[in-house]
Amino acid sequence: MIFSKLSRRFSVVATGLVSMLSMSVARAEYALNMTQGVTPISQELYSLHMLVFWICVGIGVVVFSAMAYSIFHHRKSRGAQAANFHESTTVEIVWTVVPLLILIGIAIPATGTLLDLEDAKTDADITVQVTGIQWKWKYTFVDEDVSFISSLAQSSRDVVKDPTGNENYLLEVDKPLVLPVGKKVRFLFHSDDVIHAWWVPELAVKQDSIPGFINDSWATIEKPGVYRGQCAELCGKDHGFMPIVVNAVSEAEYEQWLVGMKAEAAAAASAADQEWSMQDLLAKGETVYQANCAACHGPTGAGIPGAFPAMTGSPIVIDPDQAAHIDIVVNGKAGTAMSAFKGQLNDVDIAAVITYERNSLGNSVGDTVQPSAIKNAR
Amino acid sequence: MSTEITHGGHDAHADHDHHGPAKGLMRWVTTTNHKDIGTLYLWLSFIMLLYGGSMAMVIRLELFQPGLQWVEPHFFNQMTTMHGLVMVFGAIMPAFVGLANWLIPIMIGAPDMALPRMNNWSFWILPFAFTMLASTTFMEGGAPAFGWTFYAPLSTTFAPDTTDFFIFAVHLMGISSVMGAINVIATILNMRAPGMTLMKMPLFVWTWLITAYLLIAVMPVLAGAVTMMLTDRHFGTSFFDAAGGGDPVMFQHIFWFFGHPEVYIMILPAFGVISAIVPTFARKPLFGYSSMVYASASIAILSFMVWAHHMFTTGMPVAGELYFMYATILISVPTGVKVFNWVTTMWKGSMTFETPMLWALGFIVMFTIGGFSGLMLGVAPVDTQYHDTYFVVAHFHYVLVTGALYSIIAAFYYWVPKWTGHMYDERLGKIHFWWSTIAVNVLFFPQHFVGLAGMPRRIPDYSLQFAEFNMISSIGGFAFGLAQVFFLYIVIKTIKGGEKATDQVWEGATGLEFEHLPSPPPYHSFTEAPPVK
Ligand SMILES: [Cu+2]
Ligand SMILES: [Cu+2]
């Protein structure tokens, strides 16, 4: 059993080694260097990166060839006699001043680029508020009535044991952020819990989202396309599993998308006014639970001892009085990792997930929680 | 002994010479001898290197291919965190304190360290600190999983109870480091042999003197940071909790005010080691001794003024970013002076390439590569793309592994004949060097590429486009890990026996330890101050 498992792993290693050699040639362009990206800033950054890189290569060539020459010619085995020169103020001044001048040559373009990069406020067409939440992103269009949560796609979650052949593994989300090309988009970053960092290399935007702060950055996307990124600041257990997908489209498509999003929100609001059956709540609750709660409390409700409490048999969950259970999900628990879901989920989702927790995961209280109860608890 | 008495001149001295090391285990527990304590530090650091290294193996194993095969994300985060903490505080720092203990007294002609009992204590705190830290792996909630930089609020509000063990372990390490630093300063300033003026001291002594001041300046800052964490966690304060009016970014300022000088704490003594080895094997004095001293001092001073280059993405004001960018890239000037000096020292020398020299040359080349990526990272706007990616991982492993660790291994090969009286096996030493050097580049060089291509650091799994380079990196990692087990064999073999070393050990070696002491030196050396030219 163990041996077959091991031999399977070794064969994976062997095929991997072979494919590695062939693939590294095929993908060399993207895999070796920074992307040039699709915004004016990303191109500026790329040029600056290459400038500093070639300066380093130049210095490296000079220093390492001097070293190599010396190692080759001034070796005892070739009969080299040691000279005895040391201390020369002139030489010391030269190798202090020349690097200083090179640094000034780097600092001047770097200053200009930095000033461009930081100019998020001037003439922004669209403002998107980005909120980092363990382990998903919430996008709010400040001037539109559109707000949604974007998290790792189920297609990636399903194959974590063996993602072979899964294109965009860990770089796919359920709902991408849609933005129009050719418009200056200003991003405002904020966090609900720990520090995250929103990073899309092609947009040259990497900015920390920090609780208690609002940071900003900007991008004008010049080319339609799908641009993928990831959280770049360690934010706990599933830090590696909160990707970003930006869908850059024409302005007309963007407007259409906005209309669709608003219609979806309206439908969800009317669903909240209805009475829901146990069966429907459980079905919806399971999806909500796996997407939002399972990361900490475990897919079976077992939690992680010492870090995250179990759902199974939890006194709050199995209490016949629903009030405490509703309160902790809606408002969170201060001073812990349990966040307030009122800002992340709608009434139906919260009602469904609470019902699911009470009647599944090894619990069987037997009651339902209706969306109206959540509305009252907000 | 009679020659010693006529030499030493008084009776008390005779008694002194009669007691060698105590017998058995208690020798090591109660010792106040700088050589014993140096040995203890070096062994602790080797054990920690293997412990931290085995966690690196777990990391490379999980990253060998995409998908989660071996460990859970939560455990993976514990591995990256503990690997960092153990390597920084357990492997690199204690190794340099061990070298300081062994070498400073015999380099400046002192009989021992100035404060021998404190010396014993500062060592013996450490095994307890690391046991406490490591024990959290087996507790509910697990070991620290918030990165070795432990940013709040992930390490405060969102961390498990075991974090308190981490806090106290860091306190103990800090106490140990500060005591060690006080001892180094007291020794260097008070115990130099007559004639050993400051500007005659070997560079290793100089760089350690500067390092000791850095330690005293910043370890209390780290202690302050963890104490604030502790009170945030248990006593209702909100230093770093935005909901209570606190500031999570302030944590980063405090941490990096410690953290950047800490980088130089781990590299300045390495500069000292390389400055000793290169002249010996080039058979030519160091090109610019005084400029090396001034460069070390300027690096140390600048190191206090650049901390926020780790925070370019936190939303600092533009003026702040500009200042920290200029100050950071400025450090490459004194660092360049160092490298140019070593190369000029080799120039027109009469070089031989024994194992210590190979490691020193490896240091110069690969540390410089790490310096280049450091310069690139210092350019604030482009740091937008580099920050928190594998490019950063590659950078700091080039300066810490092929930098600091390489210098420590170079120092071992250079001075071990002096310490033990035995030459190491030259053939094995060279195999160790070439094996490590090929492996370490296979390990870390591809990480520049995946970093630039967009792979964030500290992730247990990655998308398929990064697969090839991660596999290459892991293979290099396993080979490098194995090379250090081979090193353990070389160390033990050298201690047990080997060709007898001469007193000067190396043809071109200079300094009191090579000119005035036998190999190995007596348990108590320089009870009489040696003459200094
Ligand atoms: Cu994250
Ligand atoms: Cu730094």
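In case you missed it, the structure is sitting above this.
In this report, the structure presented in the accompanying data block is examined.

The next thing to look at is the pattern of salt bridges. Here the structure, examined in full by the defined rule, presents 15 salt bridges over all chains. As a salt-bridge pair, Asp367(A) and Arg358(A) come within 3.0 Å of each other at their nearest N and O atoms. By relative accessible area, which is 17% here, Asp367(A) ends up buried. On the basis of relative accessible area, Arg358(A) is assigned to the buried category, the value being 0%. Note that Arg27(B) and Asp36(B) form a salt bridge whose closest N and O atoms lie 2.7 Å from each other. Overall, the relative accessible area of 2% leaves Asp36(B) in the buried class. The structure contains a network of salt bridges with shared partners spanning Lys76(A), Arg283(B) and Glu507(B).

Before going further, it helps to spend a moment on the coordination of the copper ion (ligand 2). Residues and elements named next belong to chain B. Ligation of the copper ion (ligand 2) by protein atoms is provided by His 260 (ND1), His 309 (NE2) and His 310 (NE2), these donors lying 1.6 to 2.0 Å from the ion. All donors to the copper ion (ligand 2) come from one chain, and their sequence spacing reads H-x48-H-H. You can see His 260 sitting in helix α9 (residues 248-265) and its partner His 310 sitting in the loop between α11 (289-302) and α12 (318-330), a full 50 residues away along the chain.

Taken as a whole and judged by the stated rule, the model has five cavities of 30 Å³ or more. What the largest cavity holds in volume is close to 160 Å³. Taken together, 18 residues form the lining of the largest cavity, with Met93(B), Pro94(B), Val97(B), Ser177(B) and Leu215(B) sitting closest to its centre. Listed by contribution, the elements that provide at least two residues to the lining of the largest cavity are α5 (73-108), α7 (163-190) and α8 (203-234) of chain B. Lining the second largest cavity are 13 residues; nearest its centre among them are Leu117(A), Glu118(A), Lys206(A), Gln207(A) and Thr384(B). For the lining of the second largest cavity, the secondary structure elements donating two or more residues are β7 (205-209) and β8 (215-220) of chain A together with α15 (380-386) of chain B. By residue number, the principal contributor to the lining of the second largest cavity is β7(A), which donates three residues. Along the lines of polarity and charge, the residues of the lining of the second largest cavity split into five nonpolar, four polar and four charged.

Residues and elements named next belong to chain A. At the metal site, the copper ion (ligand 1) is ligated by Cys 231 (SG), Glu 233 (O), Cys 235 (SG) and His 239 (ND1), and these contacts range over 2.1 to 2.5 Å. Classification of the site at the copper ion (ligand 1) rests on its four donor atoms, whose angles at the metal span 85 to 127 degrees, yielding the label tetrahedral. Given the relative accessible area of 1%, Cys 231 is considered buried. For Glu 233, a relative accessible area of 3% corresponds to the buried category.

All names here are of chain A. Counting buried residues in strand β5 (residues 184-191) gives seven out of eight residues, a clear majority hidden from the surface. Here β5 runs beside β8; their pairing, made up of six bridges, is antiparallel. Along β8, the bridge assignment pairs Phe 187 with Ser 217.

Phi is mostly negative for residues that are not glycine, and the peptide bonds are mostly trans. Each neighbour pair has its own omega, and for Gln134(A) with Trp135(A) the value is -5 degrees, a cis peptide bond. Checked against the element boundaries, Trp135(A) lands in the loop between β1 (126-133) and β2 (136-141). A cis amide bond links Ala152(B) with the next residue in sequence, Pro153(B), at an omega value of 5 degrees. By the element assignment, Pro153(B) lies in the loop between α6 (116-135) and α7. Residues other than glycine seldom take positive phi values, yet Val505(B) does so here, at roughly 65 degrees. On the secondary structure map, Val505(B) appears in the loop between α18 (467-496) and α19 (512-515).

Analysis parameters
- Residues numbered from 1 in each chain as written.
- Chains lettered and ligands numbered in written order.
- Predicted model: local features only at pLDDT ≥ 70, side-chain atom pairs only at ≥ 80, totals over all residues.
- Heavy atoms only, no water.
- Salt bridge = Lys/Arg side-chain N within 4 Å of Asp/Glu carboxyl O.
- Buried < 20%, exposed > 50% of the residue type's maximum accessible area, 1.4 Å probe, protein only.
- Donors = N, O, S within 2.8 Å, 3.2 Å for Na, K, Ca; no water.
- Helix = DSSP H or I, 4+ residues; strand = E, 2+ residues; numbered from the N terminus.
- 1 Å grid on protein atoms, 1.4 Å probe; cavity = no way out; pocket = protein on both sides within 12 Å on 5 of 7 lines; lining within 4 Å.
- Points joined across faces, edges and corners; volume = space filled by probe spheres on them.
- Nonpolar A, V, L, I, M, F, W, Y, C, P; charged D, E, K, R; others polar.
- Tetrahedral: all angles 85-135°; square planar, octahedral: opposite > 155°, others 65-115°.
- Pairing = 2+ DSSP bridges.

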